[in-house]
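Below are the chains, spelled out letter by letter.
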Amino acid sequence: MYLSRFLSLHALWVTVSSVMQHYPSVWGHYDVCKTQIYTEEGKVWDYMACQPEARDMIKYVKVTLDPPDITCGDPPETYCAMGNPYMCNNECDASTQELAHPPELMFDLEGRHPSTFWQSTTWKDYPKPLHVNITLSWNKTIELTDNIVITFESGRPDQMILEKSLDYGRTWQPYQYYATDCLDAFHMDPKSVRDLSQHTVLEIICTEEYSTGYMTNSKIIHFEIKDRFAFFAGPRLHNMASLYGQLDTTKKLRDFFTITDLRIRLLRPATGEIYVDEQHLARYFYAISDIRVYGRCKCNLHATGCKEENKRLLCECEHNTTGPDCGKCKKNYQGRPWSPGSYLPIPKGTANICIPSISSIGNPPKFDRIWPNISSLEVSKPNQANVCDNELLHCQNGGTCINNVRCQCPPAYTGILCEKLKCERDPGGCSQSSGRALLSGAAPLLLPALLAARALC
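Now for a quick tour of the structure. (Residues numbered from 1 in each chain as written. Predicted model: local features only at pLDDT ≥ 70, side-chain atom pairs only at ≥ 80, totals over all residues. Heavy atoms only, no water.)

## Details of the state of the cysteines
By definition, a disulfide is the covalent link that joins the sulfur atoms of two cysteine residues. Per the stated rule, a full pass over the model turns up eight disulfides. Here cysteine 72 is linked by a disulfide to cysteine 92, with a sulfur-sulfur distance of 2.0 Å. Handedness here is read from the sign of the S-S torsion; for cysteine 72 and cysteine 92, about 75°, the answer is right-handed. Of this pair, cysteine 72 sits in the loop between strand 4 (62-66) and strand 5 (77-79) while cysteine 92 sits in strand 6 (residues 90-92), and the two are 20 residues apart along the sequence. Here cysteine 72 falls in the buried class, since its relative accessible area comes to 3%. Here cysteine 92 falls in the buried class, since its relative accessible area comes to 0%. With a sulfur-sulfur separation of 1.9 Å, cysteine 80 is cross-linked through a disulfide to cysteine 88. (Disulfide = S-S within 2.5 Å. Helix = DSSP H or I, 4+ residues; strand = E, 2+ residues; numbered from the N terminus. Buried < 20%, exposed > 50% of the residue type's maximum accessible area, 1.4 Å probe, protein only.)

Printed below as a string of structure tokens:
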């Protein structure tokens, strides 16, 4: 009896321990957009914030090089061996597959020996700078979830900048500077991510940690995403609730981990010494064998899937949203302004679904053949709809919301949301100046749904 009781307790403890061990990871899933629940009103949908699973985003990248003819091999040239910079009988020849080093070899599957890699021309035009821009584009907004890792087959650059864009390459901002001497190269004191804190996590730093020359096993450069997450989620990222709470409430932090494009600016190749050896310029070049970027499609917490269509990533939107990033409401689901989902409250978050236009509630659109739970759509009864409130539907042109059912308008304006000039009713119409006054105000929120509530005012 005691043995069986002990075994039962042990089994219970194992189960609880297992749940507790893995529980923190559950905070970060948000892998379901809706589930069916049963209420007094019948079977309805319960909506939750949701996001796609993180994946290897390099599979979907488009790469461009500037200058475009910077890849070695056309014409063929010799360069020095990686391990022995004075053995200069290696050849790069674009016309021969075994000797070519095109850009796509930065992203191919490794495991073959020797490693495959892209390689630039050598620094034969010294002292003219050897500059290369490698631009990675996704044509989609991406949320980074892991470190960016760049593996060099040459020595790591003496000077390099990693940059990001949030507007598809129209503008750029630095992510991190890399140099053997930060003060000399960029007039910045050297730092590492370990020197940062929650309050300085968005600081753009220059690091000397990844800029050694030909040292053995010194091929990798990191941009540390997880170390920055750890300032909020703890060293092992167990407190994801804290991280998601910060991302939810701090736009600058959320934008910091969001990109549409990355740019690697290679400014000076590894020299391994203070002075460039002009007698052996074939020693100096760039070579990259691998780039890793892990992240997820940004879908504003309105999708769990992201598909490639016509060589473009698109969110598979739910919550009655649409668009590449689920950034707007579907037609006939504009009962309130679009809003992104929220990670809070943990663990399900808030879906902030797009709701049917109130004028169509009498014959509501269907949600996958299940009628929407009207109470969950923040509409308690069709004939008691809110006309205005202080968060979502503002009275316009200086109007004041009265008990959520009507707008009290200034003398010159009328309409449900004070969106119309009274002079429009006059036979003479509005003057040019009054017309301009209307255009300079807030854009009218002409929700068809609100017309049904006019009789209540």
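The rest of the description comes next.
## So, the packing of aromatic side chains
Using the criterion set out here, one finds 13 aromatic pairs in the structure. Between phenylalanine 223 and phenylalanine 256, the ring centres sit 6.3 Å apart and the planes meet at 40°, which makes this aromatic pair tilted. With phenylalanine 223 in strand 13 (residues 220-223) and phenylalanine 256 in helix 5 (residues 251-256), this residue pair connects regions lying 33 residues apart in the sequence. The residues phenylalanine 223 and phenylalanine 256 share a single accessibility class, namely buried. Aromatic rings pair up to connect Tyr175, Phe223, Phe229, Phe256 and Phe257 into one cluster. Lying over the aromatic face of tryptophan 45, lysine 34 brings its terminal NZ or CZ to 4.5 Å of the ring centre. The ring of tryptophan 172 carries the charged tip of arginine 263 above its face, separated from the ring centre by 4.3 Å. (Phe/Tyr/Trp six-rings, centres within 6.5 Å; stacked < 30°, edge-to-face > 60°. Lys NZ or Arg CZ within 6 Å of the ring centre and 35° of its normal.)

## Points about the side chain of aspartate 325
Along the chain, the position of aspartate 325 falls in the loop between strand 19 (321-322) and strand 20 (328-329). For aspartate 325, a relative accessible area of 18% gives the class buried. A polar atom in the side chain of aspartate 325 sits 3.1 Å from the side chain of threonine 141. (Polar contact = N/O pair within 3.5 Å; in protein donor to acceptor, adjacent residues only side chain to side chain.)

## Brief notes about the pairing of strand 16 (residues 294-297)
Relative to strand 16, strand 3 (residues 55-56) runs antiparallel, the two being bridged by two bridges. When the sheet's bridge partners are listed, arginine 55 is paired in strand 16 with glycine 295. Bridge count for strand 8 (residues 132-144) against strand 16 is three bridges, and the pairing is antiparallel. Directly across from leucine 144, in strand 16, lies its bridge partner glycine 295. (Pairing = 2+ DSSP bridges.)

## Section: the packing of helix 3 (residues 226-233) against helix 4 (residues 240-249)
The description of two packed helices rests on the angle between their axes and on the distance between the axes. Two elements in contact, helix 3 and helix 4, have axes whose closest approach is 7 Å; the angle formed by their N-to-C orientations is 100°. One way to sum up the angle between helix 3 and helix 4 is to call them roughly perpendicular. Along its contact with helix 3, which presents Phe229, Phe232 and Ala233, the element helix 4 presents Met240, Ser242, Leu243 and Gln246. Taken together, the residues that form the contact of helix 3 with helix 4 break down as five nonpolar, two polar and no charged. (Axes fitted to C-alpha atoms, helices over the stretch in contact; angles between N-to-C directions. Parallel < 35°, antiparallel > 145°, perpendicular 65-115°, else oblique. Contact = heavy atoms within 4.5 Å. Nonpolar A, V, L, I, M, F, W, Y, C, P; charged D, E, K, R; others polar.)

## Here's the deal with unusual backbone geometry
Along the chain, aspartate 66 connects to proline 67 via a cis peptide bond; the corresponding omega equals 0°. Structurally, proline 67 is set in the loop between strand 4 and strand 5. The omega torsion across isoleucine 346 and proline 347 is 5°, close enough to zero to call that bond cis. Along the polypeptide, proline 347 turns up in the loop between strand 20 and strand 21 (400-402). Phi is positive for tyrosine 168, which is not a glycine, with a value near 60°. Positionally, tyrosine 168 belongs in the loop between strand 10 (159-165) and strand 11 (173-179).

Nothing here speaks to function; it is all geometry.
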